[in-house]
Amino acid sequence: MTILCGSDEQAFKWTGDVSAARSLQTRLSACVIRENRWSSLQCVAGADVGFEERGAITRAVIAVLQWPTLFLIEYAVARLPTTMPYIPGLLSFRECPALLKALGQLSVMPDLVFCDGQGIAHPRRFGVASHFGLLSGLPTIGVGKSRLCGEHVELDDYEGASTPLLDRGECIGRVLRTRAHVKPVYVSIGHKVDLDTAEQLVGEATRGCRLPEPIRWADGIASRRPSFMKRL
DNA sequence: GCGACAG
DNA sequence: ATCTTGTCGC
C-alpha cells in the first residue's frame, strides 16, 4: 500500500486529465507523515520555482543553509521543459520534477526543506510541500504566501501572532504573522514534521523579513534578483 | 449556477 | 508565476 506511493508518482504523466491527478493526490496524501521523523538539524534548505521563456522552461532552485546560523552553504538550479499549466490545486505536478532534479544536484543533502507553497493546507491535503517531501523522503514544511483553502479568524498585528487554519472541521495549518504590519504566511505540515514544530522552525528561520531565510534565498535566486545573485 | 483559486 | 511602471522608505 504505502510502498506504492513513490513508484506510482514517478510514473505519473500529465494528459490533461484533472480528475486523474486529483485522485492520485487523494491516494498519496494517505502516505504523508504528520509527525516528527527526524533527529537533529545540521542544515536546512529553501525550495522555490521560477520560469523562463515565458513559462516554457521551469527553473527550480534549492538553497542549503547551515542551521541555526542560516549561512548559505550551497545551492542548485535545475531547468526542465514545463509540461503542464498552472491549475489551482495541482501545482505540485508542475513543480516537483524540476525540484527533484535540483535536489539531486546538491553535494549535501539537507535535513529539512522549507517549501514555497502549501503542505497539507490543500483541498486534498497534498500541496507541493507534501508531494516533494514524499518523493524525496525528506522532512518538509509548507510556507504559502497566500491562502489556497481553509478559513481563519482575523490575526493580531504583532510578530509571532498565529491562528489555526481550518477546513471542513480540520486544522490544516496555521496562519503566522512573521513580522508586524505585513501579510501573514500560511504554515502547514509538508512531511515528517508536526504542525507545532513547523511553526516553531519557521519562526526560528525568519530573520526580520516576512519569509524564512531559506525560502528568501531560493526565491531570490529563482527570480534572479540582483541583490541575491551578487552574493553568490 | 456562482464564487474561490498555492505559484 | 511573469510582465511592468511608478512610488515609498531606510
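Definitions and limits used
Residues numbered from 1 in each chain as written. Chains lettered and ligands numbered in written order. Predicted model: local features only at pLDDT ≥ 70, side-chain atom pairs only at ≥ 80, totals over all residues. Heavy atoms only, no water. Buried < 20%, exposed > 50% of the residue type's maximum accessible area, 1.4 Å probe, protein only. Helix = DSSP H or I, 4+ residues; strand = E, 2+ residues; numbered from the N terminus. Pairing = 2+ DSSP bridges. Right-handed = clockwise from strand over helix to strand, strands pointing away. Near = heavy atom within 4 Å. Polar contact = N/O pair within 3.5 Å; in protein donor to acceptor, adjacent residues only side chain to side chain. Salt bridge = Lys/Arg side-chain N within 4 Å of Asp/Glu carboxyl O. Phe/Tyr/Trp six-rings, centres within 6.5 Å; stacked < 30°, edge-to-face > 60°.

Asks: What is the right way to read the pairing of strand β5 (residues 140–144) from this model?
Replies: Remark: a regular strand shows side chains that alternate across the two faces of the sheet. Among the 5 residues that make up β5, 5 are buried, leaving the element largely enclosed by the rest of the structure. Strand direction decides the pairing type here: strand β4 (residues 112–116) and β5, joined by 4 bridges, are parallel. Pairing of Phe 114 across the sheet is with Ile 141, part of β5. Each parallel crossover has a hand, and for β4 linked through helix α4 (residues 128–136) to β5 it is right-handed. By the bridge criterion, 5 bridges tie β5 to strand β8 (residues 185–191) in an arrangement that is antiparallel. Each bridged residue has a counterpart across the sheet, and for Thr 140 the counterpart in β8 is His 191.

Asks: Sorry, what's going on with the protein's contact with DNA strand B here?
Replies: As a matter of local geometry, DNA strand B sits amid 18 residues, with Tyr 86, Gly 89, Lys 145, Ser 146 and Arg 147 nearest to it. For DNA strand B, the backbone makes up 53% of the atoms found within 4 Å of the protein, where backbone means sugar plus phosphate. Note that a base nitrogen of DNA strand B is positioned 3.3 Å from one of the backbone N or O atoms of Gln 118. One of the side-chain N or O atoms of Ser 146 is found 2.8 Å from a phosphate oxygen in DNA strand B.

Asks: Hey, could you run me through the pattern of salt bridges in this one?
Replies: Opposite charge on two side chains makes pairing possible when the charged atoms of those side chains draw close. Tallying each qualifying case throughout the model produces 13 salt bridges. For Arg 125, the salt bridge is made with Glu 170, and the minimal N-O distance between the two is 2.8 Å. In this pair, Arg 125 sits in the loop between β4 and α4 while Glu 170 sits in strand β7 (residues 170–176), placing the two residues 45 residues apart along the sequence. By relative accessible area, which is 27% here, Glu 170 ends up partly exposed. When the shortest N-O distance is used, the salt bridge between Asp 167 and Arg 168 registers 3.4 Å. Residue Asp 167 is classed as buried on the basis of its relative accessible area, which comes to 10%.

Asks: Please explain the pairing of β4 as it appears in this structure.
Replies: Of all the 5 residues making up β4, 5 are buried; the element is thus mostly covered by neighbouring parts of the structure. Here β4 shows no split at all, with Leu 112, Phe 114 and Asp 116 on one side and Val 113 and Cys 115 on the other all buried. Sheet topology places strand β1 (residues 43–52) next to β4; 4 bridges connect them, and they run parallel. What sits directly across from Val 44, in β4, is Leu 112.

Asks: I tried to follow the packing of aromatic side chains on my own but got confused; where do I start?
Replies: Aromatic ring pairs are defined here through the distance separating the ring centres and the angle between the ring planes. Under the defined criterion, the tally for this structure stands at 2 aromatic pairs. Taking 4.4 Å as the distance between ring centres and 40° as the angle between the ring planes, the aromatic pair formed by Phe 12 and Phe 93 counts as tilted. Taken as a pair, Phe 12 in the loop between α1 (4–10) and α2 (18–29) and Phe 93 in helix α3 (residues 91–104) lie far apart in primary sequence, 81 residues in all. A single burial state applies to Phe 12 and to Phe 93, both of which are buried. Arranged with centres 5.2 Å apart and planes meeting at 85°, the rings of Trp 217 and Phe 228 form a pair that is edge-to-face. One end of the pair, Trp 217, is in helix α6 (residues 213–222); the other, Phe 228, is in helix α7 (residues 226–229), and 11 residues separate them in sequence. Both residues of the pair, Trp 217 and Phe 228, belong to the buried class.

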